[in-house]
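Chain and residue survey
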Amino acid sequence: MTPLERLWGSFPAFLMARRNVVRAKTRSALAVAVILIGVVAIGAIGAGGVAFQESQFETLGTIGADVQVFAGEDNENGYLTATDAGTIDRVSGTAEIVPLKQENADVIEDGSTAGSATLYGVDEPTELYEVDEGSIPANWRNGVLVGSTLADRYDLRPGSKVTLSRTTIEDGEAVRRTDEYRVKAVLAQAGQADIANPNEAFVLPTREFDDDVFAQVIVRADDATTANETAMAIKRTFNGRRQLVGVFERGDVAEQIDEAFRLINLFLVGIGAISLVVAGVSIANVMLMAAIERREEIGVLRAVGYEKVDIVRIMLAEATLLGAIGSLLGGAVTLAIVAVINDALLGAPFAYSAAALQYVVGGMVFGVVASLLAGIYPAWRAARERPVEALRG
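Residue positions are given per chain, counting from 1 as you read along its sequence in written order. In keeping with the model being predicted, local features are shown solely for residues with a pLDDT of at least 70 and side-chain atom pairs are shown and tallied solely at 80 or more, while totals for entire chains, interfaces and linings include all residues. Hydrogens and waters are ignored; side-chain quantities use all the structure's heavy atoms.

- In the nomenclature of an unreviewed UniProt entry, the protein chain corresponds to ABC transporter permease from the organism Halobaculum litoreum.
- Quoted straight from UniProt, the Sequence similarities (unreviewed entry) entry for the protein chain says "Belongs to the ABC-4 integral membrane protein family." UniProt positions are given in the numbering used here, feature names are shortened, and annotations may be inferred rather than shown by experiment.

Some thoughts on the packing of helix α9 (residues 308-345) against helix α10 (residues 354-374)
- Between α9 and α10, the shortest axis-to-axis distance is 7 Å and the interhelical angle comes to 160°. Our classification of the angle between α9 and α10 gives roughly antiparallel. Two packed elements cross with a definite hand, and for α9 against α10 that hand is right-handed. Contacts between α9 and α10 involve Leu 316, Ala 319, Thr 320, Gly 323, Ala 324, Ser 327, Leu 328, Gly 331, Thr 334 and Leu 335 from the former and Leu 357, Val 360, Met 364, Gly 367, Val 368, Ser 371 and Leu 372 from the latter.
- A class-by-class count of the residues in the contact of α9 with α10 yields 10 nonpolar, 7 polar and no charged. To obtain an axis, a line is fitted to C-alpha atoms, over the contacting stretch when the element is a helix, and the angle between two such axes runs from 0 to 180 degrees between their N-to-C directions. In this description a helix means any DSSP run of H or I spanning at least four residues, a strand means any run of E spanning at least two, and both kinds are numbered starting from the N terminus. Each angle is binned into one of four classes, with values under 35 degrees roughly parallel, values over 145 roughly antiparallel, values of 65 to 115 roughly perpendicular, and all other values oblique. Crossing handedness follows the turn of the near helix against the far one: under a right angle anticlockwise gives a left-handed crossing, and clockwise gives a right-handed one. Contacts between residues were defined by any pair of non-hydrogen atoms, one from each residue, lying within 4.5 Å. For this scheme, ten residues count as nonpolar: Ala, Val, Leu, Ile, Met, Phe, Trp, Tyr, Cys and Pro. Four count as charged, namely Asp, Glu, Lys and Arg, and the remainder, Gly too, count as polar.

Some details on the pairing of strand β9 (residues 201-204)
- Buried, partly exposed and exposed residues are distinguished by accessible area as a fraction of the type maximum, computed with a 1.4 Å probe on protein chains only: under 20%, between the cut-offs, and over 50%, respectively. On β9, burial covers both faces: Ala 201 and Val 203 on one face and Phe 202 and Leu 204 on the other are all buried.
- The pairing criterion for strands is at least two bridges between them, as found by DSSP. As paired strands, strand β4 (residues 112-121) and β9 are joined by 4 bridges and run parallel to one another. Directly across from Gly 121, in β9, lies its bridge partner Leu 204.

Looking at the nonpolar core
- The set of buried Ala, Val, Leu, Ile, Met, Phe, Trp, Tyr and Cys residues whose side-chain atoms join them within 4.5 Å is what this entry labels a nonpolar core. The biggest cluster of nonpolar side chains holds 19 residues, and the ones touching the most others in it are Val 67, Val 69, Leu 80, Ile 88, Val 219, Ile 234 and Val 245.
- Going through the elements one at a time, β1 (66-71), α4 (82-91), β11 (216-220), α6 (224-238) and β12 (245-249) are the ones with two or more residues in this core.
- Broken down by element, the residue count for this core peaks at 5 residues, all from α6.
- In this structure, Ile 234 is in contact with Val 69, Ile 88, Val 91, Ser 92, Val 219, Asn 239, Val 245 and Val 247, ignoring residues within four places of it in sequence.
- Counting 18 residues, the second largest nonpolar core, distinct from the first, contains Ala 117, Leu 119, Val 146 and Ala 151.

Description of a negative patch on the surface
- Taken together, Asp 89, Glu 96, Asp 123, Glu 124 and Glu 127 make up a surface patch of like negative charges.
- Looking at where Glu 124 falls in the secondary structure, it is placed in the loop between β4 and β5 (131-134). In this scheme, patches are assembled from residues that exceed 30% relative accessible area and form no salt bridge. Like charges are connected within 9 Å, while nonpolar side chains (Val, Leu, Ile, Met, Phe, Trp, Tyr) are connected within 5 Å. For accessible areas, the Shrake-Rupley method is used with a probe of radius 1.4 Å. Any residue's cover is judged against the shown protein chains and nothing else. Here a salt bridge means any side-chain nitrogen of Lys or Arg lying within 4 Å of a carboxyl oxygen belonging to Asp or Glu. In this tally Asp and Glu are treated as negative and Lys and Arg as positive; neither His nor the chain ends contributes. The atom standing in for a charge is NZ when the residue is Lys, CZ when it is Arg, CG when it is Asp and CD when it is Glu.

Structure representation (structure tokens):
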């Protein structure tokens, strides 16, 4: 006797359940298939939703615990001054602040305008951006950093030269200024929600901007709680009856997006769970048919001394066995489907996250539980048959 057979022999109810499942191959296969489909529906929808959420966050960019401060609707200047930046720095405590200047410029090629771009003025670009090619000098006082999209559009690489033309105000008059810069680095691709998105922008030292005014000040908080406290402190300092500054706390956006994805995913998983309810009905039908077909057999078992609880145990074991087989096969199929989804959305087929695996395991557990619950009524009905009536068929 093999170890597996000895194991089956230790559980007589499951041994008889296995015999019944094998004997009715077609009916059992259909029941297993229904469970498999239900498990795949829950697992693939849930895990696929997690992969979609991760891919969207990659597209949106890293939404950290940052606070953006900009001129409010009642700010007559329409910008933040150096004094405002100093006040924000004081209110923010130990958090780092990054004042940001901004202008529009034209890209000049062969003496004519080839396109337009945004110019950002930052003294510490390493606080905001990552480099894809080249490097940012330690003492960054000249040159330009170029966003990935503009680098591809104008074929710019570290060492390339680029000519930018913009309008500045000198002595109260608008003057057209044209400067040539050497590219120091190409910035890494940024997500759509990244702060001061540099994809279609050039980044210059603030000394390249004439006015000492800022489009916004970015506060780099350590965590979402600190960001919220800092945002409230800035509002209390600047805004009374008039809204002199606007404050945008990015941590709140991250939580809202995450919650929205979670609710959508739960809704989709709920739809998938309906298929397992259908599977449970199918299992109940299979077990009822089995009870009817084996009515005489059940009568014999009762006649030779099997109690009602023994009949219930055998029937429930059969339902559980069908559910377990369907769930295991469904889990394997789900992992294969999720691997395809991960490859399409994340570029890594085996990037199974803990949240995704929870949906797969949850679907398998739900499959077994649904099968067990579906077998309760047929088991009870089979057990309550009187032995004499059962033997009559």
